[in-house]
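# Residue-level structure breakdown
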Amino acid sequence: MIVAIDFGITNTDIAVSNGGALDFFSFKTNLPIEESNILGLLNQIKINHKSIKTIGISGGRSSDFSEDIDDIKLIKVPEVEAIGRGAKRIFKENNSMLVMSLGTGTGCIFGDNKTYQYVGGIPVGGGTLAGLSKLLINEDSIDEISSLATSGDRSEVDVLIDDVVSGIDILKPNLSAANFAKVSRNKYRKEDIAKALTNMIGEIIGTVAFSNAFIFQKAEVFFIGRTFLEPNIKAAINERLSIAGIKGIYSDAPGKENCIGILDFLEENN
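Note that the coordinates shown come from a computational prediction; the quantities given were computed from them, not determined experimentally.

It is worth spelling out the pairing of strand E1 (residues 2-7) at this point. Taken across its six residues, E1 has five buried, putting it largely inside the fold. Across six bridges, E1 lies against strand E2 (residues 11-18) in antiparallel orientation. Within E2, the position partnered with Ile-5 by the bridge is Ile-14. Remark: three residues form the turn of the hairpin made by E1 and E2, two consecutive strands paired antiparallel. Judged from the six bridges that link them, E1 and strand E4 (residues 54-59) form a sheet pairing that is parallel. Each residue of the ladder has a partner; that of Ile-5, found in E4, is Ile-57.

What follows is the structure, given as structure tokens:
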């Protein structure tokens, strides 16, 4: 039995590979992330420690952990490689690829052959959505925020391109010219704030994605993680990508990609 654990800021994800069977588990991360967390997680998923050959770990401060725990070998997989390998497995892509990892924040990885390069990140993601929503509308449930946003009108909150610019064909009239710029002079609802916030996060991520696509001369960007599961964010990402003629391709195994990448590393190197 081989176990992969990815420590994220918000979620800790686990994959268990046993004789061809693959099981996934996810828990809220207990900060700070410590080595002792590993045994506690294994107990929660009711795995007999003696049946585990190897544990691959990534994320958090796992690079500081020991080389073994409870007589089980720990293999530390660089997070950049876990992301890159996982994306290649999920998307079955053999060519070079640009990957946006959408979690609590957002990271960008370029994978070429078996080389994985971190090309930058932004501190905007699912954590931003939960945090700012708590401050602005006293709501940090992603499901509730999403429900509010679906019936919101961000034109009550944002200055849109249509309000200020005309004659630039590449700029769609419903894109934001200035996020939240109408708040001081307009009446707005919680729904409108939620819509504007989810859209802003998607616009930021989408803009970073297409900018990196231009740098690496890619016509496609691959998205992994969980943040794009919020439909308003995903729609805003796609709207920004469409400006540049870039296609967004989204993982069908959200949240599992890094663990799959860890297992791929273990299969090749263990």
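Read on, since the account is not over.
Taking 1.5 Å as the rise per residue, helix H3 (residues 126-137) with 12 residues should run 16 Å; its terminal C-alpha atoms sit 16 Å apart, in good agreement. Here H3 has its buried residues at Thr-128, Leu-129, Ser-133 and Ile-137. Projected down its long axis, H3 shows its buried positions confined to an angular sector of 120°, all on one face. Positive phi appears at Asn-138, one or two residues downstream of H3, with a value of about 55°.

Here we take up the nonpolar core. The biggest cluster of nonpolar side chains holds 31 residues, and the ones touching the most others in it are Met-100, Ile-205, Val-221, Phe-223, Ile-237 and Leu-241. Contributions of two or more residues to this core are made by strand E7 (97-102), strand E8 (106-112), H3, helix H4 (142-150), helix H6 (190-216), strand E12 (220-225) and helix H7 (231-243). Examining the composition of this core, we find that 10 residues originate from one element, H6, more than from any other. In this structure Ile-205 touches Met-100, Leu-102, Thr-106, Ile-122, Val-124, Phe-223 and Ile-237, once residues within four positions along its chain are discounted. In terms of nonpolar packing, the next biggest core, distinct from the first, is built from 19 residues, Ile-5, Ile-45, Ile-52 and Ile-69 among them.

It is worth spelling out the sheet that holds E12 at this point. Reading across from one edge, E9-E8-E7-E12-E13 is the order of the five strands in this open sheet, with mixed pairing throughout. Pairing within the sheet leaves two strands with one partner each, and these edge strands are strand E9 (115-122) and strand E13 (247-250). Within the sheet, the average angular offset between the axes of one strand and its neighbour, ignoring direction, is 25°. Inspection of the sheet shows E7 paired to E8 by six bridges, in the antiparallel sense. Its bridge partner lying in E8, Val-99 is registered against Ile-109. Each of E7, E8, E9, E12 and E13 is contacted by helix H2 (residues 79-91), which is oriented at about 105° to E9, the strand it contacts most. Lying over the sheet, H7 contacts E7, E12 and E13, oriented at roughly 150° with respect to E13.

Glancing now at the packing of H3 against H4. At a minimum axis distance of 10 Å, the contact between H3 and H4 shows a crossing angle of 70°. Taken together, the axis directions place H3 and H4 in an arrangement best described as roughly perpendicular. Of the residues in H4, those touching H3 at Gly-126, Leu-129, Ala-130, Ser-133 and Ile-137 are Ile-142, Ile-145 and Leu-148. The residue inventory of the contact of H3 with H4, partitioned by class, reads six nonpolar, two polar and no charged.

Definitions and cut-offs
Residues numbered from 1 in each chain as written. Predicted model: local features only at pLDDT ≥ 70, side-chain atom pairs only at ≥ 80, totals over all residues. Heavy atoms only, no water. Buried < 20%, exposed > 50% of the residue type's maximum accessible area, 1.4 Å probe, protein only. Helix = DSSP H or I, 4+ residues; strand = E, 2+ residues; numbered from the N terminus. Pairing = 2+ DSSP bridges. Expected span 1.5 Å × (residues − 1). Arc of directions from axis to C-beta. Core = buried A, V, L, I, M, F, W, Y, C linked by side-chain atoms within 4.5 Å. Contact = heavy atoms within 4.5 Å. Axes fitted to C-alpha atoms, helices over the stretch in contact; angles between N-to-C directions. Parallel < 35°, antiparallel > 145°, perpendicular 65-115°, else oblique. Nonpolar A, V, L, I, M, F, W, Y, C, P; charged D, E, K, R; others polar.

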